[in-house]
Amino acid sequence: MAEVDPAFIQPTEFRPKVKVIEADEIPVIDLSGNTNDIVLEIGQACKKWGFFQVINHGVPSELRKRMERVGKEFFDQPMEDKKLVKRDEVNPMGYYDSEHTKNVRDWKEVFDLLVKDPSFVPASHEPDDEELRMLTNQWPGYPSEFRDTCKEYAGEVEKLAYKLLEFISLSLGLPANCMHGYFKDQISFMRLNYYPPCPSPDLALGVGPHKDGGALTVLSQDDVGGLQIKRKSDGEWIPVRPIPDAFIINLGDATQVWSNDTYESPEHRVVVNSTKGRISIPFFFFPAHYVMLKPFEELVNEQNPARYREFNWGKFFATRNRSDYKKRDVENIQIRHFRI
Ligand SMILES: O=C(O)CCC(=O)C(=O)O
Ligand SMILES: [Fe+2]
């Protein structure tokens, strides 16, 4: 990716401004404190931003560094070696460098892996097609510790994801474990993102503006920076400052639906720069394919009726993923399409 091919060029309204706002910051929450305080802080952060960072989260710092190192070693290989584990129409897991967000190509390379191997997802987005497809991981031979490190890291981050789900449930006034059952056959996946230096960071984006789909995302970023969140009050793009050893948490569409819009799935994007490559590792905490998404009954009443009709998470996921391979002319599916 030496110079900017027209496929990467964002429409004018999506291009990043060179000057960014530094004043406002998303909250940093210490998970070693008292549960009531944590729940209160998480509730406030979810309402205002849908984004926060956590420290003292229980994931060993050494493991995270190891994960970042093996990820970097993988991406540093020649392209022909990375292509040995390239994803294709049959297996969407593995390496690829041509993802599109909103039909513009992202300036990044990616390696995707399932947290549960195998995972089962709908074979197609067609509503009446009940066939399932089995997804499995493919692993690179180099670096040799890649597979074990990914598994160990995903296991630790999964524990953190469950813990966060409990805090979020409590912050909505719901029982701590009210969402656990949805994740028994979770289709969560983990992604290693590598954003190479870009000769025209004013024209392209690492990831275009989007919302994450699942319950929540647990994101590790290195010290380079580039993630930005769209501030609800004025639409400004606010950078999410790298904090050593903190994880960034953002809510996804499923939580927006479950909470009946008490919380929103925030829009975010990634800007790139001309000098430094960047690694980030999101863990997308996704329910099982058969889960039907709808607002929790406890959060619905006459004054506050359900804002979404019930829909199947697996079909939503399958419909969204259709746009990954090629440019499409139609807008990708969004939860607002299920609004009542
Ligand atoms: O790289 C990042 O900081 C965020 C990436 C992201 O938003 C995504 O992969 O969904
Ligand atoms: Fe995202």
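Residues numbered from 1 in each chain as written. Chains lettered and ligands numbered in written order. Predicted model: local features only at pLDDT ≥ 70, side-chain atom pairs only at ≥ 80, totals over all residues. Heavy atoms only, no water.

### Re the packing of helix 1 (residues 35-48) against helix 4 (residues 146-171)
In contact at an axis separation of 8 Å, helix 1 and helix 4 are set at 80° when each is read in the N-to-C sense. Between helix 1 and helix 4, the crossing angle belongs to the class labelled roughly perpendicular. Contacts between helix 1 and helix 4 involve Thr35, Ile38, Val39, Ile42, Gly43 and Cys46 from the former and Leu164, Phe167, Ile168, Leu170 and Ser171 from the latter. Classifying every residue of the contact of helix 1 with helix 4 gives eight nonpolar, three polar and no charged. (Axes fitted to C-alpha atoms, helices over the stretch in contact; angles between N-to-C directions. Helix = DSSP H or I, 4+ residues; strand = E, 2+ residues; numbered from the N terminus. Parallel < 35°, antiparallel > 145°, perpendicular 65-115°, else oblique. Contact = heavy atoms within 4.5 Å. Nonpolar A, V, L, I, M, F, W, Y, C, P; charged D, E, K, R; others polar.)

### Considering helix 6 (residues 313-321)
By the criterion of burial, helix 6 is predominantly enclosed, with eight of the nine residues buried. Of all the positions in helix 6, only Trp313, Gly314, Lys315, Phe316, Phe317, Ala318, Thr319 and Arg320 are classed as buried. In this fold, the buried residues of helix 6 make contact with strand 7 (119-122), strand 9 (189-195), helix 5 (253-258), strand 17 (292-293) and strand 18 (311-312). Put simply, asparagine 312 is the residue that caps the front of helix 6, since its side-chain oxygen is 3.2 Å from the backbone nitrogen of glycine 314. (Buried < 20%, exposed > 50% of the residue type's maximum accessible area, 1.4 Å probe, protein only. Polar contact = N/O pair within 3.5 Å; in protein donor to acceptor, adjacent residues only side chain to side chain.)

### Focus: a nonpolar patch on the surface
Residues Phe120, Leu132 and Met134 make up a contiguous nonpolar surface patch of about 290 Å² in total accessible area. Residue classification places phenylalanine 120 among the partly exposed positions, given a relative accessible area of 39%. (Patch = residues over 30% accessible without salt bridge, like charges linked within 9 Å, V, L, I, M, F, W, Y side chains within 5 Å. Areas by Shrake-Rupley, 256 points an atom, 1.4 Å probe, with all protein chains shown as cover. Salt bridge = Lys/Arg side-chain N within 4 Å of Asp/Glu carboxyl O.)

### Observations regarding the site of ligand 1
As a structural note, the neighbourhood of ligand 1 is formed by Asn193, Tyr195, His210, Asp212, Leu219, Leu227, His268, Val270, Arg278, Ser280, Pro282 and Phe284. Arginine 278 places a polar side-chain atom, nitrogen or oxygen, 2.8 Å from an oxygen atom of ligand 1. Bound to the protein, ligand 1 loses 96% of the 300 Å² it would expose on its own. Of all the secondary-structure elements, those providing two or more residues to the shell around ligand 1 are strand 9, strand 15 (268-270) and strand 16 (278-285). Among the elements that take part in the shell around ligand 1, strand 16 stands out by supplying four residues, more than any other. Partitioned by chemical class, the residues of the shell around ligand 1 number six nonpolar, four polar and two charged. (Near = heavy atom within 4 Å.)

### Some words on the pattern of salt bridges
Summed over the entire model, instances satisfying the criterion amount to 22 salt bridges. For glutamate 109, the salt bridge goes to lysine 82, with nearest N and O atoms at 2.7 Å. Remark: lysine 82 occurs in helix 3 (residues 79-82) and glutamate 109 occurs in strand 6 (residues 109-114); sequence separation between them is 27 residues. Since its relative accessible area comes to 8%, glutamate 109 is described here as buried. Looking at lysine 82, the relative accessible area reads 4%, which means it is buried.

### Description of the packing of helix 2 (residues 61-75) against helix 4
One can describe the packing of helix 2 onto helix 4 by two numbers: an axis separation of 10 Å at closest approach and a directional angle of 140°. By the angle class used here, helix 2 and helix 4 are oblique. Where helix 2 crosses over helix 4, the two elements pack in a sense that is left-handed. Facing helix 2, whose interface residues are Leu63, Arg64, Arg66, Met67, Val70, Gly71 and Phe74, helix 4 presents Phe146, Thr149, Cys150, Glu152, Tyr153 and Glu156. (Left-handed = near helix turned anticlockwise from the far one by under 90°.)

### As for the nonpolar core
Counting residues in hydrophobic clusters, the biggest one holds 74 residues, and the most contacted among them are Ile42, Leu164 and Val218. The element best represented in this core is helix 4, accounting for 11 residues. Valine 218 has contacts with Val157, Leu160, Ala161, Leu164, Phe247, Ile248, Ile249, Ile281, Pro282 and Phe283, leaving out every residue within four places of it along the chain. Val4, Tyr195, Ile229 and Val272 belong to the second largest nonpolar core, which has 18 residues in total. (Core = buried A, V, L, I, M, F, W, Y, C linked by side-chain atoms within 4.5 Å.)

### Concerning the sheet that holds strand 6
Read from one edge of the open sheet, eight strands run 1-2-14-11-16-9-6-3, paired in mixed fashion. Either end of the sheet is taken by a strand with one partner, and the two such strands are strand 1 (28-30) and strand 3 (94-96). Pairwise comparison of adjacent strand axes, ignoring direction, gives a mean angle of 25° for this sheet. Judged from the four bridges that link them, strand 2 (residues 51-55) and strand 14 (residues 247-251) form a sheet pairing that is antiparallel. Paired with phenylalanine 52 across the strands is isoleucine 249, a residue of strand 14. Strands in contact with helix 1 are strand 1, strand 2 and strand 14; relative to strand 1, the strand with the most contacts, it is inclined by about 165°. (Pairing = 2+ DSSP bridges.)

### Some thoughts on the sheet that holds strand 10 (residues 207-210)
Ordered by their spatial adjacency, four strands build an open sheet running 10-15-12-13, and the pairing between neighbours is antiparallel. Across the chains shown, the open sheet's two edge strands, defined by having one partner strand only, are strand 10 and strand 13 (237-239). Going across the sheet, the axis of each strand differs from the next one's by a mean of 25°, ignoring polarity. Sheet topology places strand 10 next to strand 15; two bridges connect them, and they run antiparallel.

### Let's talk about the pairing of strand 12 (residues 227-230)
Inspection of the sheet shows strand 12 paired to strand 15 by three bridges, in the antiparallel sense. In the strand pairing of strand 15, glutamine 228 is matched with arginine 269. Connecting strand 12 to the next strand, strand 13, in antiparallel fashion are six residues, including glycine 235 with a positive phi near 75°.

Honestly, that's just the spatial picture; any functional story needs more than this.
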